[in-house]
Amino acid sequence: MKILFAASEALPFIKVGGLGDVMGALPKELVKQGIDARVVIPMYSVMSQKMREQCHFEKFFYFSLGWRSCYCGVFSAKADGVTYYLIDNEQYFKRGGTYGEYDDAERFAYFSKAVLELLPQIDFFPDIIHANDWHTALVPVYLDTQYRSLPGYGSIKTVFSIHNIEFQGKYDRNILESVFGIYPSQESILEFDGCLNLMKGAIECANIVTTVSETYAKEILNPYFSFGLHPILEARQYKLRGIVNGIDTEVFDPETDPNIKTNYSLKTRGNKRFDKLALQEELGLTQDPDVPLIGLVTRLTPQKGIDLLEPVMDELMRENVQMVVLGSGYAEYENYFKYCDYAYHDKFRAVIKFSAPLAQQIYAGADLFLMPSKSEPCGLAQMIAMRYGTIPIVHTVGGLKDTVPPFNPETSEGSGVTFQSFNAQDMLGAIRRAMAVWRDPDQRKAIMKNAMSGDYSWKASAGKYREIYESL
């Protein structure tokens, strides 16, 4: 079976969010299971020089997009047994970043069409094209409207994955023909709520639509979570599936992680305290193994539940506790955490950036890991935290509900602490319950054992994707 993943990012080449993690890990697991899984992504100029040096030029060609004749360079690379193709066009991808450009509609329309034009150039016609999020949502649309009758394309099936429904690719209807190269007679495929909605088009055209957890697949049928798309999803519910993500357990392994001070495993989890002391030292916090240390590694956006912290921060900081926040995002949240660093400097640190090594050190060195997300399609951080023996404190939504069973002190079952309502006091109550569990030696031992014993790998999830592919 041959699968081609189309995505806007993928490790180890480029990563902005969780999509990059998924596109690095899922194809790798499928290859292990005997599937010919390949990935195509844009060749951004911001990709590291190290990764660019691993890419080999294959060929170039031109294709039409609306009235434009577009250059398309093709590079290839191998990583973990997976073949990656990188689409090169400096007009679209030689930018200061990956997303957020004024012409994103044209950039990713170009990329989506390039994915289909690529197939005969590399002599690879897959059984399934698996597109991801709005950036590649036009792939199933173009396939159905412009390529089905061409040799090699007729039998290709499509899967479309929604990693975050908040970002749908909404654009003015006036650019349908000039930018997307789609005829007015086909506008109904994309048109929704007065504009062109690329995600809506993919939902209409794809054979199967997946989301990244079972609970999120149910939630996005509800207006509260759907960002307006629930009528389309309800109408196409027969093709909707939910499969929880995994994590790359080779990268996120406290026993081998090169970024942390002291490696440890389930059997040697007592060594985790040395990572805590090292983290406290690096952050300039008092080195005290008996003070619970809370970690928060996240994008600073409303979706991540940051609004819940300010109303209860004074109460939380009156506790015997330390806290570290790592992330960047909305200026108002960045400024608030900078203020907290100043106001509670003896026990609070804010590092306003993203640093993968420091994130690993927080997963290993923190005792508790806070994820108060308002919505969370899947979430990876809670699974990474549990693998490192750090107790997650989560709001029971989306993938957080599916992956973090609440700890029951009576039965010693469960691997995290949860709260049900999106409410600051409920979150504070959960933090206090988590600190009580951590301070009890027997309960701490039980919850850490449960967390570190969990299977967070891609093996089971990849098997479910394989079942979908085989059904098509």
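Everything in this summary refers to the structure shown in the same document.

Rules used in this analysis
- Residues numbered from 1 in each chain as written.
- Predicted model: local features only at pLDDT ≥ 70, side-chain atom pairs only at ≥ 80, totals over all residues.
- Heavy atoms only, no water.
- Helix = DSSP H or I, 4+ residues; strand = E, 2+ residues; numbered from the N terminus.
- Rg over C-alpha atoms; globule rule 2.2 N^0.38 Å.
- Buried < 20%, exposed > 50% of the residue type's maximum accessible area, 1.4 Å probe, protein only.
- Contact = heavy atoms within 4.5 Å.
- Areas by Shrake-Rupley, 256 points an atom, 1.4 Å probe, with all protein chains shown as cover.
- Lys, Arg positive; Asp, Glu negative; His and termini not counted.
- Charge placed at Lys NZ, Arg CZ, Asp CG, Glu CD.
- Pairing = 2+ DSSP bridges.
- Axes fitted to C-alpha atoms, helices over the stretch in contact; angles between N-to-C directions.
- Expected span 1.5 Å × (residues − 1).
- Arc of directions from axis to C-beta.
- Parallel < 35°, antiparallel > 145°, perpendicular 65-115°, else oblique.
- Nonpolar A, V, L, I, M, F, W, Y, C, P; charged D, E, K, R; others polar.
- Phe/Tyr/Trp six-rings, centres within 6.5 Å; stacked < 30°, edge-to-face > 60°.
- Lys NZ or Arg CZ within 6 Å of the ring centre and 35° of its normal.
- Salt bridge = Lys/Arg side-chain N within 4 Å of Asp/Glu carboxyl O.

1. Some remarks on the overall build of the protein chain
So, point 1. Along the backbone of the protein chain there are 19 helices and 18 strands.
So, point 2. In terms of C-alpha radius of gyration, the protein chain reaches 23 Å, essentially the compact-globule figure of 23 Å for 472 residues.
So, point 3. Of all 472 residues assigned to the protein chain, the portion counted as buried reaches 60%.
So, point 4. In the protein chain, 70% of the contacts between residues at least 6 apart in sequence involve partners at least 24 apart.
So, point 5. Carbon and sulfur atoms provide 48% of the accessible area of the protein chain, an area that totals close to 18900 Å².
So, point 6. Treating the 48 positive side-chain charges of the protein chain as one cloud and the 58 negative ones as another, the clouds have centres 3 Å apart.

2. Here we look at the sheet that holds strand S17 (residues 391–395)
So, point 1. Sheet architecture is open: 6 strands sit in the order S15-S14-S13-S16-S17-S18, paired in parallel fashion. With partners counted over all chains shown, the strands left at the sheet margins are strand S15 (348–351) and strand S18 (417–419), one partner each. Within the sheet, the average angular offset between the axes of one strand and its neighbour, ignoring direction, is 15°.
So, point 2. With 2 bridges connecting them, strand S13 (residues 293–297) and strand S16 (residues 368–371) associate as parallel partners. Residue pairing in the sheet places Gly295 in a bridge with Phe369 of S16.
So, point 3. Against the sheet, helix H13 (residues 331–343) makes contact with S13, strand S14 (322–326) and S15, and its axis sits at roughly 145° relative to S15, the strand it touches most.

3. Topic: H13
So, point 1. In this model H13 runs 18 Å from its N-terminal to its C-terminal C-alpha over 13 residues, within 8% of the 18 Å that 1.5 Å per residue would give.
So, point 2. Every buried residue belonging to H13 is among Tyr333, Glu334, Tyr336, Phe337, Cys340 and Asp341, and all of these are buried. Seen from one end, H13 has its buried residues packed into an arc of 160°, which puts them on one side. Exposed positions of H13 whose direction lies more than 90 degrees from the buried face are Glu332 and Tyr342.
So, point 3. Close packing links the buried residues of H13 with S13, helix H12 (313–317), S14 and S15.

4. Concerning the environment of Ser69
So, point 1. Take Ser69: it is sitting in strand S4 (residues 68–79).
So, point 2. Dropping the residues within four chain positions of it, Ser69 is found in contact with Tyr62 and Phe63.

5. Some remarks on the packing of helix H17 (residues 424–439) against helix H18 (residues 441–453)
So, point 1. Where H17 contacts H18, the axes come no closer than 5 Å and their chain directions differ by 105°. Relative to H18, the element H17 lies roughly perpendicular. Contacts between H17 and H18 involve Val437, Trp438 and Arg439 from the former and Pro441, Gln443, Arg444 and Ile447 from the latter.
So, point 2. Looking at the contact of H17 with H18 residue by residue, the class counts come to 4 nonpolar, 1 polar and 2 charged.

6. Examining unusual backbone geometry
So, point 1. Going from Leu11 to Pro12, the amide bond is cis rather than trans, its omega being 5°.
So, point 2. With respect to the helices and strands, Pro12 occurs in the loop between strand S1 (2–6) and helix H1 (18–32).
So, point 3. The backbone phi angle of Phe227 is positive, close to 50°, even though this residue is not glycine.
So, point 4. Checked against the element boundaries, Phe227 lands in the loop between helix H9 (223–226) and helix H10 (230–235).
So, point 5. In this structure Phe227 comes out as partly exposed when scored by relative accessible area, which is 40%.

7. Side note on the packing of aromatic side chains
So, point 1. Scanning all chains against the criterion turns up 26 aromatic pairs.
So, point 2. Feature note: the residues Tyr44, Phe61, Phe63, Tyr92, Phe93, Tyr110 and Phe111 constitute an aromatic cluster, connected by ring pairs.
So, point 3. Between the NZ or CZ atom of Arg38 and the centre of the ring of Phe124, over which it lies, the distance is 3.8 Å.
So, point 4. Looking at Arg444, its charged tip hangs above the ring of Trp438, at a distance of 4.1 Å from the centre.

8. Some thoughts on the pattern of salt bridges
So, point 1. Per the counting criterion, the structure on display carries 21 salt bridges.
So, point 2. One salt bridge connects Lys28 with Asp248, and the closest N-O pair in it is separated by 2.7 Å. One end of the pair, Lys28, is in helix H1; the other, Asp248, is in the loop between strand S12 (240–242) and helix H11 (272–283), with 220 residues separating them in the sequence. Each member of the pair, Lys28 as well as Asp248, carries the same accessibility label: buried.
So, point 3. Measuring nitrogen to oxygen at the nearest pair gives 3.0 Å for the salt bridge that ties Glu376 to Lys304. With Glu376 in the loop between S16 and helix H15 (381–387) and Lys304 in the loop between S13 and H12, this pair connects stretches of sequence that are 72 residues apart.
So, point 4. Classification of Glu376 as buried rests on a relative accessible area of 4%.
So, point 5. When its relative accessible area of 11% is taken as the criterion, Lys304 is described as buried.
So, point 6. Put simply, Lys28, Lys32, Asp80, Asp248 and Glu250 are held in one network by salt bridges that share partners.

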